[in-house]
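Geometric and topological summary
So the chains spell out like this:
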Amino acid sequence: MAFKRENRVADEVKRLTAEIIRTELDDPRVPVFTSITDVTVSSDFNYADLYVSVLAQDKDKQAEAVEALNSAKGFLRKTLSQRSVSYTHLRAHETRGNL
C-alpha cells in the first residue's frame, strides 16, 4: 500500500497543531486535555480539517474548544506556515464517530 502524500502532510499538521495548542495557544476556552484526534487534508492542500476531542464530562466544553480553535485559525495557520506547512483554510470540528 502506497502511503499518500496527503496522509504524510495530515500527520505532520496533526503533530504540529497539537504542539502549538499545548505550548503557544493561550485561550482559556481550550482545556489542557485537548487532543487533535484526526486531520484530513484536501488533495490540493488548501484545506485542513482538524478533529478535536476534549477530556471533559461536559459536551459543551468540546464545542467551546472547537469554537475557540476556529477563532484562532489565523494564528494556527500563521504558526503552521512558519514551521513548514501552509494552508489557505483550517477548520476545526468535534471528533466524529468513535475515533
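Now for a look at the structure at hand. (Residues numbered from 1 in each chain as written. Predicted model: local features only at pLDDT ≥ 70, side-chain atom pairs only at ≥ 80, totals over all residues. Heavy atoms only, no water.)

A few words now on the sheet that holds strand β1 (residues 34-41). One open sheet holds the three strands; their spatial order is β1-β2-β3, and the pairing between them is mixed. Bordering the open sheet on either side are β1 and β3 (89-94), each of which pairs with just one other strand. In this sheet, neighbouring strand axes are inclined to one another by 25 degrees on average, regardless of whether the strands run parallel or antiparallel. Contacts from helix α2 (residues 59-71) reach β2 (47-54) and β3, with the element oriented near 175 degrees to β3. (Pairing = 2+ DSSP bridges. Helix = DSSP H or I, 4+ residues; strand = E, 2+ residues; numbered from the N terminus. Axes fitted to C-alpha atoms, helices over the stretch in contact; angles between N-to-C directions. Contact = heavy atoms within 4.5 Å.)

Our focus in this paragraph is a nonpolar patch on the surface. Nonpolar side chains collect at one region of the surface, where Val32, Phe33 and Leu55 lie side by side and expose about 400 Å² of accessible area between them. Note that Val32 resides in the loop between α1 (5-23) and β1. (Patch = residues over 30% accessible without salt bridge, like charges linked within 9 Å, V, L, I, M, F, W, Y side chains within 5 Å. Areas by Shrake-Rupley, 256 points an atom, 1.4 Å probe, with all protein chains shown as cover. Salt bridge = Lys/Arg side-chain N within 4 Å of Asp/Glu carboxyl O.)

A complete count under the given rule lists zero aromatic pairs for this structure. Just above the ring of Phe45 sits the side chain of Arg5; from NZ or CZ to the centre is 4.8 Å. (Phe/Tyr/Trp six-rings, centres within 6.5 Å; stacked < 30°, edge-to-face > 60°. Lys NZ or Arg CZ within 6 Å of the ring centre and 35° of its normal.)

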